[in-house]
Each structure stands twice: as structure tokens, then as C-alpha cells.
Amino acid sequence: MVPSNQWIKIKAPATVANMVCGFDILGFAVNDPYDEMEMRWVARTEQEPSIVIINLDEYNLPTEPEKNVAGAALLALLEEYDKTNIKFEVKINKRIKPGSGVGSSAASSAGAVVGANYLLGNIFSKDDLVRFAMNGEKVASGVKHADNIAPCIFGGVTLVRSIFPLEIVTLPSPELFVTIVHPQIEVRTADARSILRQKVLLKDAIKQWGNIAGLVAGLMKSDYDLIGRSLEDVIIEPVRSILIPGFDALKLSCKQAGALGGGISGSGPSIFMLSKTDEIAKAVEKEMHELYAGMNLPHHTYVTTINQKGVEILADFI
Ligand code: ADP
């Protein structure tokens, strides 16, 4: 256990959930952007709260533990911790914009529970930490889902084979470059969910599970062409993409620039593309710039790689 009062520094990566055909089950972590957090534990008297959250950024997120995803995740962890005389102090510097669709909420939830576990002497398993952090996702979107949390905690590409009971499978992947564009529009997760159809045609389901299996096999065999062919979504994307301006044109021009494929990140509005080389990933970024500049749509881009480590404890004592 880290001694009380000693601050630790935490780096929590952004994540891309859904991975085109893998709606709600596949996701991966990226090296940029990421959130920075600091945490320590101190002795608590009975009158004091068990969690104190301090925001170091401009987003004005709630600091009440029940309303901040980091607090909700920590409350779940403390429920399974036998000592009650502990208070966590958490400073959060969000560098992943909330609501951008690249796992801003998951980074805070996952960062908080990985940090707490480190402070307590790593008593919980990674699966436990995912379970706790899912309580943060419930605060952010109303449902417990793990497709951002799992890659944020485990790193790399992850498959959530089942939520109840929780089963996470980590997948290997060849070197992949990731280009992300975040158009500055708001897509509410609730809207993105409510427009989905509740029934699918069998022929579409067959296509989709062929693509999911193809994508997983492509990642495991480092077969870039198979990965590219499998990055196709016939169920969710045709419905959701209408919420994102210029989606079809952007996808087409990115593919023409050499991207293997890509799609909506999480529930949007960010879009991601995977490429075989850094050079292609930068050419893809240029296409994204040109399209959104032409539409006068303010946007941010990132060219990055898959993060294999997940949440990291950066410095022991600061
Ligand atoms: P993203 O996919 O980028 O995580 P979400 O819409 O899932 O976006 O989550 C963001 C929502 O969660 C916002 O409504 C935000 O106010 C809320 N929230 C509460 N605490 C946090 C936090 N620590 N970090 C990010 N979002 C938070």
C-alpha cells in the first residue's frame, strides 16, 4: 500500500469503442489524447466524505462523487473494500473533451479505479476494476457498458464477450496508425442510441458476424487486407451516420487516401480511420481537414497509434 498523503500521477488514454462492425463489444485504446489525474489517500473521520474531486480543467464537470464518473467508479470500489477509514482525493485534468466520443468518461472512471487500486496495494483484479468503472459509464450514459472501459484498463484491442458475467478478451494487433477527427458538433449519446432499430434482418446479421470474425482473425493474423475488408458495418452505421455531417464523403476520401477503413468512434461525433503507415495516417488527416474546412466546420484531429498499456501510473510520489 502506498503511504497516506503521497500523491501519484495517472495517465488515462482515450479509447475508440465499437470498431465499426463490433458495436458494443470491440474497442481499442490510443496514445493521444489522454487525461491526467493525481490521487492520494488520507485517513478519514466518520463525518468526512470518502471521495473529494478537484477539477483542474475548464469543463466544469460536477464534483459530487455520485455525479462525476470518477466518483461513481470509486464509490463502487469502496463498497467492496473492507476498511472505511479511507478518503480518496482526486485531481482531474481532462484533456479528452467530454462528449467527443473517444471515451472521455471511461478515462476518468478507469483512471480513478486503477489509481485507487495502486494506492491500496493492487488488491483488485483488472476484471474487478472494469466492473467498478462501469458504474461511471452508467452515470455518463445511463447504461453500464465496458467497450471503452475494457481497452482503457487493459490497453490494446479488447473484446467484451459478455457483460453479465463479465468476460473480456484481449486481442493482439499488428502496428496500426489511427487518425481521429472530432467535428465540433454535439451528438447526444441518448439520441445516438434512440435512433437505432431494435430488429435486424438475418441477412444483415450474417454479414455483420462475418465481418466481426474477419476483423478479429485479421488482427490476430496481422492480415491488413482482411482487417480492411472486415471494417464494414451494415447495421449501426447506416442509421447513425446521418447524425454526422459529411460522413460518407469523408469515409470515401480517407479510403482513397489509403486508409484500411474506419467509422464512427463510440456514438460519435468523432470518426476514426486505421492505416498501415504513419504516412498514410497523415494523408488521411489532410483529407479530413480539407473536407471539414470546406464545410466551415471547426474540428480537431489526432494522428496516433494503438496504446498497448492502458491506464498508467506515471510517478510514484510527486
Ligand atoms: P464520451 O464518449 O466522450 O465519454 P459521454 O457522453 O459518454 O462522452 O460522457 C460524457 C458525459 O459524462 C458528459 O455528460 C459529462 O458531463 C459526464 N461526466 C461526468 N463526470 C465526467 C468525467 N469525470 N469525465 C468525463 N465526463 C464526465
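Below or above, wherever it landed, is the structure these notes cover. (Residues numbered from 1 in each chain as written. Predicted model: local features only at pLDDT ≥ 70, side-chain atom pairs only at ≥ 80, totals over all residues. Heavy atoms only, no water.)

**Things to note about the environment of Trp209**
Mapping Trp209 onto the fold places it in helix α6 (residues 202-221). The class for Trp209 is exposed, based on a relative accessible area of 52%. Each C-alpha atom, one on Trp209 and one on Pro183, is 30 Å from the other, the two residues being 26 residues apart in sequence. (Helix = DSSP H or I, 4+ residues; strand = E, 2+ residues; numbered from the N terminus. Buried < 20%, exposed > 50% of the residue type's maximum accessible area, 1.4 Å probe, protein only.)

**A few points about the sheet that holds strand β7 (residues 177-183)**
Read across the open sheet, the 4 strands follow the order β8-β9-β7-β10; overall the sheet is antiparallel. On the outer flanks of this sheet lie β8 (261-264) and β10 (299-305), each paired with one strand and no other. When the angles between neighbouring strand axes are averaged without regard to direction, this sheet yields 15°. The pairing of β8 with strand β9 (residues 271-275) spans 4 bridges and is classified as antiparallel. In the sheet register, Gly263 faces β9, and the bridge partner there is Phe272. Helix α10 (residues 278-294) rests against β7, β9 and β10 of the sheet, and its axis sits at about 170° to β10. (Pairing = 2+ DSSP bridges. Axes fitted to C-alpha atoms, helices over the stretch in contact; angles between N-to-C directions. Contact = heavy atoms within 4.5 Å.)

**Quick word on the site of the ligand**
Taken together, 15 residues lie near the ligand, and Asn68, Val69, Ser104, Ser105 and Ser108 sit nearest. Within the contact set of the ligand, an oxygen atom lies 3.1 Å away from a backbone nitrogen or oxygen of Gly101. In isolation the ligand offers 560 Å² of accessible surface; the protein chains occlude 80% of this area. The greatest single-element share of the shell around the ligand, amounting to 3 residues, is contributed by helix α2 (residues 104-119). (Near = heavy atom within 4 Å. Polar contact = N/O pair within 3.5 Å; in protein donor to acceptor, adjacent residues only side chain to side chain. Areas by Shrake-Rupley, 256 points an atom, 1.4 Å probe, with all protein chains shown as cover.)

**With respect to the pattern of salt bridges**
Scanning the entire structure with this criterion turns up 16 salt bridges. A salt bridge links Asp128 to Arg131; its shortest N-O distance comes to 2.8 Å. Here Arg131 and Asp128 lie together in helix α3 (residues 126-141), a separation of 3 residues that amounts to about one turn. Take Arg131: its relative accessible area is 32%, and that puts it in the partly exposed class. Notably, a salt bridge pairs Asp278 with Lys282, separated by 2.8 Å at the nearest N-O pair. One end of the pair, Asp278, and the other, Lys282, are both in helix α10, 4 residues apart, so they sit about a helical turn from each other. (Salt bridge = Lys/Arg side-chain N within 4 Å of Asp/Glu carboxyl O.)

**With respect to the environment of Pro3**
Residue position: Pro3 is located in the segment before β1 (8-17). Judged by relative accessible area, which is 41%, Pro3 ranks as partly exposed. Residues Pro3 and Met37, 34 residues apart in the sequence, show an inter-C-alpha distance of 18 Å.

**Observations concerning the nonpolar core**
Counting 72 residues, the largest nonpolar core has Phe28, Met39, Leu77, Phe88, Val130, Ile153 and Phe272 as its most contacted members. The element best represented in this core is α2, accounting for 8 residues. Setting aside residues no more than four positions away along its own chain, Phe88 makes contact with Met39, Arg40, Trp41, Ser50, Ile51, Val52, Leu74, Leu77, Leu78, Ala116, Leu119 and Leu120. (Core = buried A, V, L, I, M, F, W, Y, C linked by side-chain atoms within 4.5 Å.)

**A short note on unusual backbone geometry**
Cis geometry marks the peptide bond from Asp32 to Pro33, where omega comes out at 0°. Looking at the element boundaries, Pro33 is found in strand β2 (residues 26-43). A cis geometry characterises the amide bond from Gly268 onward to Pro269, with omega recorded as 5°. Even without being a glycine, Val20 presents a positive backbone phi close to 65°. One can find Val20 in the loop between β1 and β2. If you check the backbone angles, Asn60 has positive phi at about 55° while not being a glycine. Within the secondary structure, Asn60 sits in the loop between β3 (51-55) and α1 (69-79).

**With respect to the packing of aromatic side chains**
The description of an aromatic ring pair rests on the distance of the ring centres and on the angle between the ring planes. Summed over all chains, the structure comprises 2 aromatic pairs. Seen from their ring centres, Phe28 and Phe272 are 5.6 Å apart, and the 70° between their planes marks the pair as edge-to-face. With Phe28 in strand β2 and Phe272 in strand β9, this residue pair connects regions lying 244 residues apart in the sequence. For the ring pair Phe124 and Phe132, a centre distance of 5.0 Å and an interplane angle of 85° mean the geometry is edge-to-face. (Phe/Tyr/Trp six-rings, centres within 6.5 Å; stacked < 30°, edge-to-face > 60°.)

**Considering the side chain of Glu285**
Examined against the element boundaries, Glu285 turns out to sit in helix α10. Buried and without a salt bridge, Glu285 has Lys282 as its closest oppositely charged side chain, separated by 7.3 Å. Glu285 has contacts with Thr179, Thr301 and Val303, leaving out every residue within four places of it along the chain. (Lys, Arg positive; Asp, Glu negative; His and termini not counted.)

Keep in mind these numbers describe shape, not what the thing actually does.
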